[in-house]
Amino acid sequence: MKVVVVESPAKAKTINKYLGRDYEVLASFGHIRDLPAKDGSVDPDADFSMIWEIDSRSTKHVAEIARAVKGADTLILATDPDREGEAISWHVLDTLQKKRALKDVKVERVTFNAITKESVQKAMAQPRQIDQALVDAYLARRALDYLVGFTLSPVLWRKLPGSRSAGRVQSVALRLVCDREREIETFVPREYWSLVATLSTQDEAQFEARLVGADGKKITRLDIGTSEEAEAFKRDLDIASFNVAKVEAKPAKRHPQPPFTTSTLQQEASRKLGMAPAQTMRIAQRLYEGTEIGGETVGLITYMRTDGVDMDPSAVQGARRVIGREYGEAYVPGVPRKYATKAKNAQEAHEAVRPTDLARLPGQVARYLDAEQTRLYELIWKRTIASQMESAELERTTVDIAAKVGPRVLDLRATGQVVKFDGFLTLYQEGRDDEEDEDAKRLPPMSADDPLSRKRIAANQHFTEPPPRYSEASLVKRMEELGIGRPSTYASVLQVLKDREYVAIEKKRLVAQDKGRIVTAFLEAFFKRYVEYDFTADLEAQLDRISNHEIDWKQVLRDFWQDFSAAVGETKDLRTTQVLDALNDYLGPHIFPPREDGGNPRACPSCADGILSLKIGRYGSFIGCSNYPECRYTRQLSAPADGDGEGGQPGTRILGTDPQSGLEVSVRDGRFGPFAQLGEQQEGGEKPKRSSIPKGTSPGDVDLEMALGLLSLPREVAKHPETGEPIMAGIGRYGPYVQHQRTYANIGRDDEILSIGANRAIDLIVTKETQGPGRRGGGDPGRELGKDPESDKPIVVKAGRYGPYVTDGKTNATLPKGLEAEGIDLEKAIELIRAKQASKGGAKGGKAGTKKATKKAATSKASAGKASEAKEKKPAAKKPAAKSTTASKTTKAKSTTSKSTASKSTRAKAASKSAEAGSGEGA
């Protein structure tokens, strides 16, 4: 018997069908071990020795593998063909060796790039040993990320309350976003004008031409800077005579892009399908692991973590056959196309991401896939086929036009493009991050000396614009260009930035949040070297050299740790004033933008002579006045909108007057976020009416109408069809809701609290009422993902009051933040349910079990307390009269110590998690 170990149960199930009875295929369920969340898991003083701990969720899987191996003659480690896959195999092997479970068992390592019968059987015939260099590269990355996260994050907690963590790659990616934000804030627009003439030929065909020269001199885009200059040119063009000076037509070719790598797949899926990188990788994982087609489970795409652009020769021939059959022989190039990777060190280079069988057209597999899988498969198929198609043949035409005004000659130019043969463009065209189309419109036929008629002349004012914020696609592209991170890490790095609320997505663009900007400012001020792009890229290159057997991994760690630990040590004596001065300087354009009246942007709007500056409080950062406590003006970090501070009200923007009450309506900054307020607080009177601004709505977007609507909440939106009682809509602690008597139903993200209609409100309430008491998720039947292979129970994903969750009918497990219900698969659902079951600690029977466990824990704590007390107080045992008091003090001390220990444990876990699970990149 041969035991095969892979990562996932879905992969195990598929491969098991290919190998037959002589093989037992088991899943490790990803990494089985990790560095425990405590100090010392990586010890620089012991030559970077690393302590590994088997994950509680993996104990069962490890035991199952060990059981199977004891009766086998061969262990085959068949995890993914990259660094992480090599690391998982190494962990499994090392664990089994320490358990002494491999006596007389032969160990082999195999890799395959696609889960197809042919690929798997071919791999089994070509076993090898574990690549220690890849393992060393993994160990180096994991140690670096642990040391950075575990060492740097506590510095942030001490110096910047409210900060989450910092990481080796995550911090540099965040800096990219924050630097772009600073460019936008400091950008000074420049005025310029363009002159566009609409002309027509003798056949009355119209086209546009732009002014590009005058009096023998070229005019570039920014040369006409005032309306006076533009009007002077327009006056001349209005009376000029036009004729064609020269027509130049040049043939051109446009070649297809190579098939997808991990990076380009994430970029295109973001542009064309609107998928976040993490979502793209989840869906690609399911396509890779396969689906059942025609009674056989087969992987639909090759391995999706790669920086290679090459394709297997058989796949190339398959693509050429499909092109000839589907599009005609004219679209098949004379020789197959070959592509070479541009990556500096493609140590993870396998084949490009492509369909395993190119003859499997998207329309043929759509009925076996869900909507998202179908869209992504079609994108991959089109890109792969297009990469082997004939080039597009174009004709680019440039027409130079002379406009004569007496002795003066003005030069205009029109450009256009004609597609002579569409080639690969008939199937696929790569998306763009910007909206501008470089290809001009088609021009009518013209010849030199042809007269042209003037239809109209337009002088258009423009202003230069700041660089656009990064989209997820363009940030991935920029990280790849700079050599920051590696293909398998981009998705997880971006997800961490969003999860920690360092960035937010607005209009498909990444916007740096105050929390993220504070962290970046601190790191740039005191750890500048470690967020430099060149330094991070150079370190990545060193890690790649480790995987190529070129340098020793521990030497890389020694060199890094020597300087990094010294930099951390220098921050221990930093005073709060030093930190604040550095942050004020760095964030000045953001938090103190120039005032329109030219006044001091840091002048306090509440008192006469106070200066505003960044302050660090218990709950994070805010802006406060230097005259505190006499002046208590405070506001949030972001610069206030126009009008804030009017009327001497700190952190306030007056919107207008309520027509019914005559009271002022304002938007204000509060400790728990912005809110709308009606009127002012009167001494000794009731508090004015307030309403929170819904999450996701910018305070600057709130106008008088919206504020009055929010202040009118709760409002009646319908009558209950059975009781006739009102159904109210309002905003509560957990967000917008509708309510009937004692039944509350949360409003979905697609509903607006101010515009929700009667039918929708009734539907939400009735659905919630039909669920019955104590049940979670309302009447939502959920979406079945499949059956648990152990219990045969259906696994369902549902929408709950506190977010989506998965359930097997008995155990409910909430989806982690950032994981949407649409993106969950059976494997992940089972993993979450198992983790929830394990966290219950085997407690039996609901409340009784809970009480029993609580009682046991209390007894254990009491015993521990007595033992500790006896040990601590042994020399003072001669004072029996004070025993009761001493015991009371010891109990209080122990309680305080326990809280402190728990706090440290929580922080340690947070720091440990700063290295992305499974990606090896700092978070």
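Here the structure is a predicted model, which is why all the values come from computation and not from measurement.

### Focus on the overall build of the protein
Secondary structure summary: the protein contains 23 helices and 34 strands in total. Evaluated residue by residue, the protein yields a buried proportion of 48% over its 923 residues. Residue pairs in contact within the protein that sit at least 24 positions apart in sequence constitute 66% of those at least 6 positions apart. Carbon and sulfur atoms make up 48% of the accessible area of the protein, which amounts to about 47,200 Å² in all.

### A look at the packing of helix H6 (residues 170-186) against helix H15 (residues 514-526)
Put simply, H6 and H15 touch, their axes get as near as 9 Å, and they point 105° apart. Looking at the two axes, H6 sits roughly perpendicular to H15. Where H6 approaches H15, its residues Ser171, Leu174, Arg175, Cys178, Asp179, Glu181, Arg182 and Glu185 are matched on the opposing element by Gly516, Arg517, Val519, Thr520, Leu523 and Glu524.

### Observations regarding the side chain of glutamine 373
Relative to the assigned elements, glutamine 373 resides in helix H12 (residues 371-387). By relative accessible area, which is 10% here, glutamine 373 ends up buried. Every residue in contact with glutamine 373, bar those within four places of it in the chain, is listed here: Ile283, Arg286 and Leu287.

### Re the nonpolar core
One finds Leu75, Leu96, Met479, Phe522 and Phe527 to be the most contacted residues of the largest nonpolar core, which totals 103 residues. The element contributing the most residues to this core is helix H5 (residues 132-159), with 14 residues. By size, the runner-up hydrophobic cluster in this structure holds 64 residues, among which are Ala252, Met311, Val365 and Ala392.

### Topic: the state of the cysteines
The final tally for this structure, using the stated rule, is 0 disulfides. Take cysteine 604: it sits in no disulfide, and the sulfur closest to it among the cysteines is that of cysteine 631, at 3.7 Å. Cysteine 607 supplies the cysteine sulfur nearest to cysteine 625, a cysteine that is in no disulfide, at a spacing of 3.6 Å.

### Observations regarding the pairing of strand S19 (residues 509-512)
Of the strand pairs in this sheet, strand S18 (residues 503-506) and S19 are connected by 4 bridges, and their pairing is antiparallel. Looking at the pairing, isoleucine 505 lines up with leucine 510 of S19. Joining the antiparallel neighbours S18 and S19 is a turn of 2 residues, in which lysine 507 adopts a positive phi near 55°.

### Details of the sheet that holds strand S27 (residues 715-719)
Backbone-to-backbone hydrogen bonds join strands into a sheet, with any given pair of strands oriented parallel or antiparallel. The strand order S27-S28-S29-S30 describes an open sheet built from 4 strands, whose pairing is antiparallel. The outermost strands of the open sheet, each flanked by one partner alone, are S27 and strand S30 (743-746). The sheet shows a mean angle of 30° between the axes of neighbouring strands, direction not considered. Examined bridge by bridge, strand S29 (residues 735-740) and S30 share 4 bridges and lie antiparallel to one another.

### Some words on a negative patch on the surface
Where like charges cluster on the molecular surface, the negative patch consists of Asp223, Glu228, Glu229 and Glu231. Classification of glutamate 229 as partly exposed rests on a relative accessible area of 35%.

### Focus on helix H16 (residues 533-547)
With 15 residues, H16 should cover 21 Å at 1.5 Å per step; its first-to-last C-alpha distance of 22 Å lies within 8% of that length. Turning to H16, its buried residues number three or more, namely Tyr533, Phe535, Thr536, Ala537, Leu539, Glu540, Leu543, Asp544, Ile546 and Ser547. Tucked inside the fold, the buried residues of H16 contact H5, H6, helix H13 (472-482) and helix H17 (553-570). Two residues or fewer past H16, histidine 549 is found with a positive phi of approximately 65°.

### Thoughts on the environment of glutamate 532
Its location among the elements puts glutamate 532 in the loop between H15 and H16. Here glutamate 532 falls in the partly exposed class, since its relative accessible area comes to 30%. When the C-alpha positions of glutamate 532 and valine 172 are compared, they lie 7.0 Å apart, and in sequence the two are 360 residues distant.

### Focus on the packing of aromatic side chains
One pass over the structure, following the stated rule, counts 16 aromatic pairs. Arranged with centres 6.3 Å apart and planes meeting at 45°, the rings of phenylalanine 522 and phenylalanine 527 form a pair that is tilted. The class of phenylalanine 522 is buried, set by a relative accessible area of 0%. For phenylalanine 527, a relative accessible area of 2% puts it in the buried group. Measuring from centroid to centroid gives 6.1 Å for tryptophan 561 and phenylalanine 564, while their planes differ by 50°, and the two rings are tilted. Here tryptophan 561 pairs with phenylalanine 564, and both are found in helix H17, just 3 residues apart, close to one helical turn. Accessibility assignment for this pair places tryptophan 561 and phenylalanine 564 in one class, buried.

Reading guide: rules and limits
- Residues numbered from 1 in each chain as written.
- Predicted model: local features only at pLDDT ≥ 70, side-chain atom pairs only at ≥ 80, totals over all residues.
- Heavy atoms only, no water.
- Helix = DSSP H or I, 4+ residues; strand = E, 2+ residues; numbered from the N terminus.
- Buried < 20%, exposed > 50% of the residue type's maximum accessible area, 1.4 Å probe, protein only.
- Contact = heavy atoms within 4.5 Å.
- Areas by Shrake-Rupley, 256 points an atom, 1.4 Å probe, with all protein chains shown as cover.
- Axes fitted to C-alpha atoms, helices over the stretch in contact; angles between N-to-C directions.
- Parallel < 35°, antiparallel > 145°, perpendicular 65-115°, else oblique.
- Core = buried A, V, L, I, M, F, W, Y, C linked by side-chain atoms within 4.5 Å.
- Disulfide = S-S within 2.5 Å.
- Pairing = 2+ DSSP bridges.
- Patch = residues over 30% accessible without salt bridge, like charges linked within 9 Å, V, L, I, M, F, W, Y side chains within 5 Å.
- Salt bridge = Lys/Arg side-chain N within 4 Å of Asp/Glu carboxyl O.
- Lys, Arg positive; Asp, Glu negative; His and termini not counted.
- Charge placed at Lys NZ, Arg CZ, Asp CG, Glu CD.
- Expected span 1.5 Å × (residues − 1).
- Phe/Tyr/Trp six-rings, centres within 6.5 Å; stacked < 30°, edge-to-face > 60°.

Keep in mind these values describe shape, not function.
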